[in-house]
Amino acid sequence: MNKKFLFIQPTIYDERGEPVKKSKLYFVGLGMPLLAALLPPDWEAEICIETIEDIPWDTDADVVGLGGMGHAANRAKDIAAEFRSRGKIVVMGGPMVSLVPDLASEYCDAVVVGDAEGLMAELCSDLERGTLKPRYAEKLKGELTTPLPRYDLVVDKRIGDFLPVQAGRGCPHTCKFCSIYCLYRGHYVRRPVPEVIRDIAAIKELGFDKFLLIDDNIVAHPAYLKELCEQIRPLGMTWMSQCSIRIADKPDLLRLVAESGCRVLSFGLESINKDSLLAMNKKWCDPDDYARVLRAVTDAGIEIASEMIVGIDTDTRESLLATIDFVKSSDIVAPKFYCLTPIPGTDLYEELKDTGRITDPDVLSYTPSRAVIDTPNLTAAEVEALFWEIYHRVYTLPAILQRTVLHRRMRSRPGQTLFFLMVNLVYRSQIRRRISPNIL
C-alpha cells in the first residue's frame, strides 16, 4: 500500500438532504492539519474540506480519514461507504465517533476513540503491516503537547483571514448535554505556552494577522491565560476564542485579554431561564446578571458571540419568545441557537433513553436544527418550529442593523462592526434556506 492519508472534513446535509456547499469557509477546523502533522515522516497527507471543495473520489491515497463534529456524522457515514466500495481503507474519529464507536464501526475499517496524539504512529504501523485493529483508544494524561499543525495543507484553499491554534482541551464544568464533558469528564489539559506561541508565530509567518484560539474554556486557569496573553501581545495579532462568562468578574484579566488582541469571545449562555440552567447543571450562570457581564466584555473592546439552547424541559413558548427580546436588547453581535440534542454518551442521553421522549433514535441524522425530544411543555415538532421562529425574528434586517451599524460599537470599532454585519447577513441567508448557522 502507499503511505498516504486523505483526510476529509465532511460538510453537513441541508433540509433537502443535499450536502451544504459554500464559496468560502472562514472557520477552518484544526483537526485535519493536526492529524497530518502526527503522521510518521515517511507518510504523505492531503486534506479535503468538503464545504468548499469537491471530494477527490479517485484519490491515489489508500487510506481515508474522516472526522467532523456530530452533525456531520451522517455525511461522513455516506462518504465512508463510497470509499469502501472503491477499495479504500476508511478510518473514522472525532467527538461523535468517540461517543458512539460501536455505531461508527459499522461504516469503517477502524475507529479512533478519544485523542489521536498517542495513536497515529501505531495506526500507521498497523496499516503498513496489514494488521489494522478495529479500534484505537487513548486518553490524554498530563500536559498536552502537539507538533506544529500542517497549515500548509489548507492555506491555499478558499478560507478566511485567520487560522486555528489550540491552547487547551477539555473543560472543568459538568454540563449534562455537553459532549466535551462526556468525553473528558471534567478533565482539562493545557499545552505549554511556548508551544502555543510557536503555532501563532507560524501563522503570522504565513501572512495571517488573526487566529482562532481553540479552548473549551480559556479562563479556567487564569494564571495560564495571563501568561499566554502577555506573550501574545508583542506579536501584534488579533484573535478570538470562547470561554465562561465569568471572565467579566476578573476585570484585570479581561483587560489583559483585550490588550493582547482578543476581539471576539463566544459564550455558551444556553438560556435566560434560571430553572433551565439548573436543569443543565450550569449553576454558575445567572441570567439576571447577563446584561451586566455582557456589557463589561463589550466595554473592554471585545465583541460577543453567543450560543443558546432551544428545547430544555423547562422551556415554554413564552420563555423562548422572551429570548428574542433579550438578544435584541443585549450586546450580543452574533447570536446562535441549537435544538437540545440527546447525543449518545452524554448524561442527557442516559437520562432520556428509557423514557420514550426521544422521538428519533437515529443519532447520525441529528442536526442543530432538529428537535427530537418531547418536553413537558412542548412537543419536538413545536420546539423545532420555535427554533426557526426565533432565528427568523432575531435575524430580520432591522434587528441586524440595530446590533451592527446602528449600535454604539460602530463608532468605536467600525471595521470590526462591518465584518459582523457581513456575518449576520450570511447567517440570515442560511436561515432563509433552512440551514442552521454553524460554520461560517
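Located above this text is the structure these notes cover.
Procedures and definitions
- Residues numbered from 1 in each chain as written.
- Predicted model: local features only at pLDDT ≥ 70, side-chain atom pairs only at ≥ 80, totals over all residues.
- Heavy atoms only, no water.
- Helix = DSSP H or I, 4+ residues; strand = E, 2+ residues; numbered from the N terminus.
- Rg over C-alpha atoms; globule rule 2.2 N^0.38 Å.
- Contact = heavy atoms within 4.5 Å.
- Areas by Shrake-Rupley, 256 points an atom, 1.4 Å probe, with all protein chains shown as cover.
- Lys, Arg positive; Asp, Glu negative; His and termini not counted.
- Charge placed at Lys NZ, Arg CZ, Asp CG, Glu CD.
- Buried < 20%, exposed > 50% of the residue type's maximum accessible area, 1.4 Å probe, protein only.
- Pairing = 2+ DSSP bridges.
- Salt bridge = Lys/Arg side-chain N within 4 Å of Asp/Glu carboxyl O.
- Axes fitted to C-alpha atoms, helices over the stretch in contact; angles between N-to-C directions.
- Phe/Tyr/Trp six-rings, centres within 6.5 Å; stacked < 30°, edge-to-face > 60°.
- Parallel < 35°, antiparallel > 145°, perpendicular 65-115°, else oblique.
- Left-handed = near helix turned anticlockwise from the far one by under 90°.
- Nonpolar A, V, L, I, M, F, W, Y, C, P; charged D, E, K, R; others polar.

Q: Account for the overall build of the chain, naming residues and giving values.
A: Across its full length, the chain holds 17 helices and 14 strands. Relative to its length of 440 residues, the chain is compact, with a C-alpha radius of gyration of 21 Å against a globular reference of 22 Å. By its C-alpha atoms, the chain is 60 × 55 × 40 Å across when sized along the principal axes. Contacts spanning at least 24 positions in sequence make up 72% of the contacts within the chain whose residues lie at least 6 apart. Looking at the chain as shown, the accessible area adds up to about 17900 Å², and 52% of this sits on carbon and sulfur atoms. Charged side chains of the chain number 54 positive and 61 negative; the gap between the two group centres comes to 4 Å.

Q: Describe the pairing of strand β7 (residues 163–166), with residues and values.
A: Residues Leu163 and Val165 point to one face of β7 and Pro164 and Gln166 to the other, with burial holding for every one of them. Strand direction decides the pairing type here: β7 and strand β10 (residues 210–214), joined by 4 bridges, are parallel. Its bridge partner lying in β10, Pro164 is registered against Leu212.

Q: Please provide a residue-by-residue account of the pattern of salt bridges, values included.
A: In this structure the tally under the stated criterion is 42 salt bridges. In this structure, Glu50 engages Arg75 in a salt bridge whose closest nitrogen and oxygen atoms are separated by 2.5 Å. One end of the pair, Glu50, is in the loop between β2 (44–49) and β3 (63–66); the other, Arg75, is in helix α2 (residues 73–85), and 25 residues separate them in sequence. Each member of the pair, Glu50 as well as Arg75, carries the same accessibility label: buried.

Q: Could you give me a rundown of the sheet that holds strand β6 (residues 135–138), with the residues and numbers involved?
A: Read from one edge to the other, the open sheet built from 6 strands follows the order β2-β1-β3-β4-β5-β6, with strand pairing classed as parallel. The strands lining the two open edges of the sheet, one partner per strand, are β2 and β6. Strand-to-strand, the axes of this sheet are offset by a mean angle of 20°, without reference to chain direction. Sheet analysis places strand β5 (residues 110–114) next to β6, joined by 4 bridges and oriented parallel. When the sheet's bridge partners are listed, Val111 is paired in β6 with Arg135. The strands that helix α1 (residues 31–38) touches are β1 (4–9), β2 and β3; relative to β1, the one it contacts most, it runs at about 165°. Strands in contact with α2 are β1, β3 and β4 (89–93); relative to β4, the strand with the most contacts, it is inclined by about 165°.

Q: How would you sum up the packing of aromatic side chains? Please name residues and give values.
A: The tally for this structure, following the rule as stated, stands at 13 aromatic pairs. Taken together, a centroid distance of 5.0 Å and an interplanar angle of 80° make the contact between Phe387 and Trp388 edge-to-face. Since its relative accessible area comes to 0%, Phe387 is described here as buried. The buried category is assigned to Trp388, whose relative accessible area is 3%. Relative to Tyr427, the ring of Tyr395 lies with its centre 6.0 Å away and its plane at 70°, an arrangement referred to as edge-to-face. Note that Tyr395 is positioned in the loop between α14 (380–394) and α15 (397–403) and Tyr427 in helix α17 (residues 414–432), a separation of 32 residues in sequence.

Q: Break down the packing of helix α8 (residues 222–232) against helix α9 (residues 251–259) for me, citing the residues and quoting the values.
A: Contact pair α8 / α9: the axes reach a minimum separation of 9 Å and the direction vectors enclose 30°. Viewed along their axes, α8 and α9 adopt a mutual orientation that is roughly parallel. You can see that α8 and α9 cross each other, and the crossing is left-handed. Contact residues: α8 offers Pro222, Leu225, Lys226, Cys229 and Glu230, while α9 offers Leu253, Leu256 and Val257. By residue class, the composition of the contact of α8 with α9 is 6 nonpolar, no polar and 2 charged.

Q: Report on the sheet that holds strand β13 (residues 303–310), specifying residues and quantitative values.
A: Across the sheet, which stays open at both edges, the 6 strands sit in the order β7-β10-β11-β12-β13-β14 with parallel pairing between neighbours. Looking at the sheet topology across the chains shown, the edges are occupied by β7 and β14 (332–339). Averaged over all pairs of adjacent strands, the angle between their axes in this sheet comes to 20°, without regard to strand direction. Summarising the sheet, strand β11 (residues 238–242) and strand β12 (residues 262–270) pair through 4 bridges and their orientation is parallel. Bridge pairing links Gln242 to Ser266 in β12. Lying on the sheet, α14 is in contact with β13 and β14; it crosses β14 at an angle near 165°. Those strands touched by α17 are β12, β13 and β14, and its axis lies near 30° from that of β14.

Purely geometric stuff here, so don't read any function into it on its own.
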